[in-house]
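# Structural description and commentary
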Amino acid sequence: AVAHYCEKGSTGLEDPPTIFEGRSLDVKMTPCPSGRFGNATSRNIDSECSGECKEGHFCPAASSNATAAPCPAGRYQSGKGGQVREPFGQLKGCELCPKGSYCEEGAEESMPCTELNADFTTPSAGAHSAEACVCRIGTFGVIDNSTLLCVRCDLNSANCTVTGIPRAELQLLSGYWRSSVNSSVVEECPLASSCVGGRGMRVCAAGYSGVFCAVCE
């Protein structure tokens, strides 16, 4: 039967007994093991099925082709023979895509975000697509003509200690100000105590407003 092989044992129920020189051979039909596949009907005793599962895929027991199931997005399989662990159904192979890379469905290798932009990474492991690539720690993101660019952050004036900060959410440190959330220019306040920092435009201390938070309300 397809996706099975024959081994010595008891007569299988799935197939008639093999006849050799007028005698019935006692055989057992066995599913191709996880990680391998069988795509042809065979009655050969102790056959090892047709081969190993293809890269980027895994094969449950009794698979009939080398691409029985693709590795899910966020995982990859660089070698042949991806398996399913029994009895819990866990994948053996289809490794988790490392942080800083992404893996689409059926991936044979992880794709580094740095191939798209030297300052790209991912917030965590297991990224599914290139859309998960964001600006690394120490930078913030700016959209220019639908393209994400990463601008180096001045750590003396802003907090850029997490990945994927968009410019509009840049957190200013105390003593600094900028003209709008769409500005990448962060300036030092003449009166440091009037600028408390933070996200958005609420960076002035109570009772202050305007440019450099220099206007008393």
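Residues numbered from 1 in each chain as written. Predicted model: local features only at pLDDT ≥ 70, side-chain atom pairs only at ≥ 80, totals over all residues. Heavy atoms only, no water.

### Describing the nonpolar core
For clarity, the cut-off: The nonpolar core is taken to be a set of buried Ala, Val, Leu, Ile, Met, Phe, Trp, Tyr and Cys residues, with the residues joined through side-chain atoms within 4.5 Å. To sort residues, take the accessible area from a 1.4 Å probe on protein chains only and compare it with the maximum for the residue type: under 20% means buried, over 50% means exposed, and anything in between is partly exposed. Two residues form a contact once any of their heavy atoms are found within 4.5 Å.
Among the nonpolar cores identified, the biggest contains 13 residues, and F140, C153, C160, L170 and W177 are the most heavily contacted of them. Aside from chain neighbours lying at most four places away, what touches F140 is C135, L149, C150, V151, R152, C153, C160, I165, R167, L170 and S184. Counting residues in each nonpolar core, the second largest holds seven residues, with C113, C133, C135 and C150 among its members.

### Thoughts on the pairing of strand β18 (residues 147-152)
Note the threshold: DSSP-based pairing: two strands are paired if at least 2 bridges between them are found. Each helix is a run of H or I in the DSSP string that is no shorter than four residues. Each strand is a run of E no shorter than two, and both are numbered from the N terminus.
Here strand β17 (residues 139-144) pairs with β18 via six bridges, running antiparallel. Directly across from I143, in β18, lies its bridge partner L148. Two successive antiparallel strands, β17 and β18, enclose a turn made up of two residues, where N145 displays a positive phi of approximately 55°.

### A word on the side chain of N117
Residue placement: N117 occurs in the loop between β14 (111-112) and β15 (120-121). By relative accessible area, N117 is classed as buried at 18%. Residues within four places of N117 in sequence aside, it is in contact with L148 and C150.

### Some thoughts on the pattern of salt bridges
Opposite charge on two side chains permits them to pair, given that their charged atoms come into close proximity. Cut-off, in case you're wondering: Just to be clear on terms, a salt bridge is a Lys or Arg side-chain nitrogen sitting within 4 Å of an Asp or Glu carboxyl oxygen.
Applying the stated criterion to the full structure yields three salt bridges. Of the charged contacts, one joins K54 and E108 as a salt bridge, the two residues approaching to 3.0 Å between their closest N and O atoms. Here K54 is found in the loop between β6 (51-52) and β7 (57-58), whereas its partner E108 is found in the loop between β13 (101-102) and β14, with 54 residues between them in sequence. With a shortest N-O distance of 3.4 Å, R152 and D119 are connected by a salt bridge. Within this pair, whereas R152 is found in strand β18, its partner D119 is found in the loop between β14 and β15, the two being separated by 33 residues in sequence. Given the relative accessible area of 57%, R152 is considered exposed.

### Quick notes on unusual backbone geometry
A positive phi angle is found at S146, which is not glycine, with a value near 70°. Tracing the backbone through its elements, the reader meets S146 in the loop between β17 and β18. You can call S146 exposed: its relative accessible area is 74%.

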